[in-house]
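Chain residues, written in single-letter form:
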Amino acid sequence: FPVFSLVDARVFFVDLLGCTEGRSASRWVDFDFFGHQLSAHLCEAPEASPAENSVDGDRVPTRHFGLIMAWPEWEALRDKLIDKGASFVIEPKIRFRGRPGEQATMFVKGPSGNVLEFKAFRSEEDIFRK
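Residues numbered from 1 in each chain as written. Predicted model: local features only at pLDDT ≥ 70, side-chain atom pairs only at ≥ 80, totals over all residues. Heavy atoms only, no water.

Draft legend 1. View of helix H2 (residues 71-83). Spanning 13 residues, H2 covers 18 Å between terminal C-alpha atoms, matching the ideal 18 Å at 1.5 Å per step. What H2 keeps buried is the set Trp71, Trp74, Leu77 and Leu81. One face of H2 carries all of its buried residues, which in axial projection span an arc of 125 degrees. Facing away from the buried side of H2, by more than 90 degrees, are the exposed residues Pro72 and Asp83. Buried residues along H2 sit against helix H1 (6-16), strand S7 (65-69), strand S8 (88-95), strand S9 (103-109) and strand S10 (115-120). Directly after H2, the chain includes Gly85, whose backbone phi takes a positive value near 70 degrees. (Helix = DSSP H or I, 4+ residues; strand = E, 2+ residues; numbered from the N terminus. Expected span 1.5 Å × (residues − 1). Buried < 20%, exposed > 50% of the residue type's maximum accessible area, 1.4 Å probe, protein only. Arc of directions from axis to C-beta. Contact = heavy atoms within 4.5 Å.)

Draft legend 2. Broad picture of the sheet that holds S10. In spatial order, the strands read S7-S10-S9-S8; together these four strands make up an open sheet with mixed pairing. Looking along the sheet, the strands with just one partner apiece sit at the ends: S7 and S8. Each adjacent strand pair in this sheet contributes to an overall mean axis angle of 15 degrees, direction not counted. In this sheet, S9 lies alongside S8 in antiparallel orientation, the contact comprising five bridges. Among the inter-strand pairings, Ile90 is bridged to a residue of S9, identified as Phe107. Contacts between H2 and the sheet are confined to S7, S8, S9 and S10, with S9 contributing the most and set at about 35 degrees to the helix. (Pairing = 2+ DSSP bridges. Axes fitted to C-alpha atoms, helices over the stretch in contact; angles between N-to-C directions.)

Listed below in structure tokens is the structure:
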């Protein structure tokens, strides 16, 4: 994914989110993103503003990435992000409450404008429930 500063990416992913750094070079760095490899690559120019789609009353950026966490881990990360004053695109909330697919979700924006979604389900069976 594109970043404008590897220094800022390291601060966001390591210091704020708690990821560890893996391999790196002068123009890229890999992070251990909660057990998944995420590769940040230096770029010079911002990409066009992403479009949005309406999902359960929120304007969700169409270009985003994220992961599913265990509910207690999601709550701990939510509290940490709130305490550190993270920039939320969509505030932490429960989406589709009482319906199939009910989930805890939040969207944060990184220093290069990349949007990350963190979500949790009460059970794994709910992840793709219709």
